[in-house]
Structure formats: structure tokens, C-alpha cells
Amino acid sequence: MFFFQQTIANILQNFPILFNQSSEEDREEQTEEETTYKQHQTNGLMEFGIIPYILKYCEVTNETITDVMNESVNFVFYIVSYEVLKAKEQEKQLKQIRRHG
């Protein structure tokens, strides 16, 4: 039982972006409206558990769901974390372009 708890704790710690935990930097940059919107958006997504992450992995790697189930959990989460961070960075760049453009 302890090994399982430790493994889950490590996953949560290593992939905060996937499990509804934001960094200090993210919290400082958000306005109240953005925070409320993101809470509703994230809470809605969390209802589906990890299925959206598995589907994102399938989309990026062009693998089947069956193949994903044979992959390392950490590897899948690394790929999905990268994609989430990439999307956030693109969104940030678009906002900057809109402000200055």
C-alpha cells in the first residue's frame, strides 16, 4: 500500500499541470476572472479523469488507446505535460500579439 501511495504522490508532484495544481507564477499572473474561468474549465475536465490526457497522447503520437495502456505512465504524462505547456505558451504569445498588434 505504501508503494502505491508514494507512486501517486510522485506523479502528482512531477505533473502539477495535469492535476489541477498551479505554480506560484501562474497564480500571480491570473486575474480573478481568469481564475474563475479556469476553475470551471478544469473542474469540468477533471470529471473525465485521465481520459482526455490519454486521448491527447494518442493524438500526438498517433497511437491507439490499447498501445497507450502498455506505455509507462510517466512517459505518457511527460508527453501530455509538454503538449499542455506548449498550448499555454501559444495562448500567451497570441495574447501578447493581440495587445501589441
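Everything numeric here is computed off the predicted structure, so don't read it as measured data.

Enquirer: Would you mind going over the overall build of the chain with me for this structure?
Expert: Helices and strands together make up the secondary structure of the chain, namely six helices and zero strands. For the chain, the succession of helices and strands along the chain, N to C, is α-α-α-α-α-α. For the chain, the residues scored as buried account for 14% of the 101 residues in total. As displayed, the chain has an accessible area near 8,200 Å², and 55% of this comes from carbon and sulfur atoms.

Enquirer: Quick question: what am I supposed to make of the packing of aromatic side chains here?
Expert: Two aromatic rings are characterised by how far apart their centres lie and by the angle between their planes. One pass over the structure, following the stated rule, counts three aromatic pairs. Seen from their ring centres, Tyr57 and Phe75 are 6.2 Å apart, and the 80 degrees between their planes marks the pair as edge-to-face. With Tyr57 in helix 4 (residues 51-61) and Phe75 in helix 6 (residues 73-100), this residue pair connects regions lying 18 residues apart in the sequence. Among the residues examined, Phe75 registers a relative accessible area of 40% and is labelled partly exposed. Members of the aromatic cluster, connected to one another through ring pairs, are Phe15, Phe77 and Tyr78.

Enquirer: For this particular structure, what's the right way to read the nonpolar core?
Expert: Across soluble globular proteins, you tend to see nonpolar side chains buried next to one another. Ile11, Phe15, Leu18, Phe19, Tyr53, Ile54, Tyr57, Cys58, Val68, Val76, Phe77 and Val80 together form the largest nonpolar core, which totals 12 residues. Within the residue set of this core, elements represented by two or more residues are helix 4 and helix 6. The biggest single contributor to this core is helix 4, with four residues. Those residues in contact with Phe77, other than ones at most four positions away along the chain, are Ile11, Phe15, Leu18, Phe19 and Ile50.

Enquirer: What am I meant to see in the confidence of the model for the chain here?
Expert: Segments scoring low in pLDDT should not have their predicted coordinates read at a detailed level. Summarising the model, the chain shows a mean pLDDT of 76, and 66% of its residues fall at 70 or more. Ranking the elements of the chain by mean pLDDT puts helix 3 (residues 32-46) last with 51 and helix 6 first with 91. Confidence over residues 40-45 falls short of pLDDT 50; this stretch has four contacts with residues more than four positions distant or in other chains.

Enquirer: Help me understand the environment of Gly49 in this model?
Expert: Inspection of the secondary structure puts Gly49 in the loop between helix 3 and helix 4. Here the alpha-carbon distance between Gly49 and Phe19, two residues 30 residues apart in the chain, equals 9.4 Å.

Enquirer: Hey, could you run me through helix 4 in this one?
Expert: The α-helix winds at 3.6 residues per turn, so residues separated by three or four positions along the chain end up facing the same way. Along helix 4, the residues that are buried comprise Tyr53, Ile54, Tyr57 and Cys58. Taken end-on, helix 4 shows its buried residues confined to a sector of 140 degrees, consistent with a single buried face. Exposed and facing more than 90 degrees away from the buried side of helix 4 are Ile51 and Glu59. Positive phi shows up at Asn62, right after helix 4, with a value of about 60 degrees.

Cut-offs applied
Residues numbered from 1 in each chain as written. Predicted model: local features only at pLDDT ≥ 70, side-chain atom pairs only at ≥ 80, totals over all residues. Heavy atoms only, no water. Helix = DSSP H or I, 4+ residues; strand = E, 2+ residues; numbered from the N terminus. Buried < 20%, exposed > 50% of the residue type's maximum accessible area, 1.4 Å probe, protein only. Areas by Shrake-Rupley, 256 points an atom, 1.4 Å probe, with all protein chains shown as cover. Phe/Tyr/Trp six-rings, centres within 6.5 Å; stacked < 30°, edge-to-face > 60°. Core = buried A, V, L, I, M, F, W, Y, C linked by side-chain atoms within 4.5 Å. Contact = heavy atoms within 4.5 Å. pLDDT = per-residue confidence, 0-100. Arc of directions from axis to C-beta.

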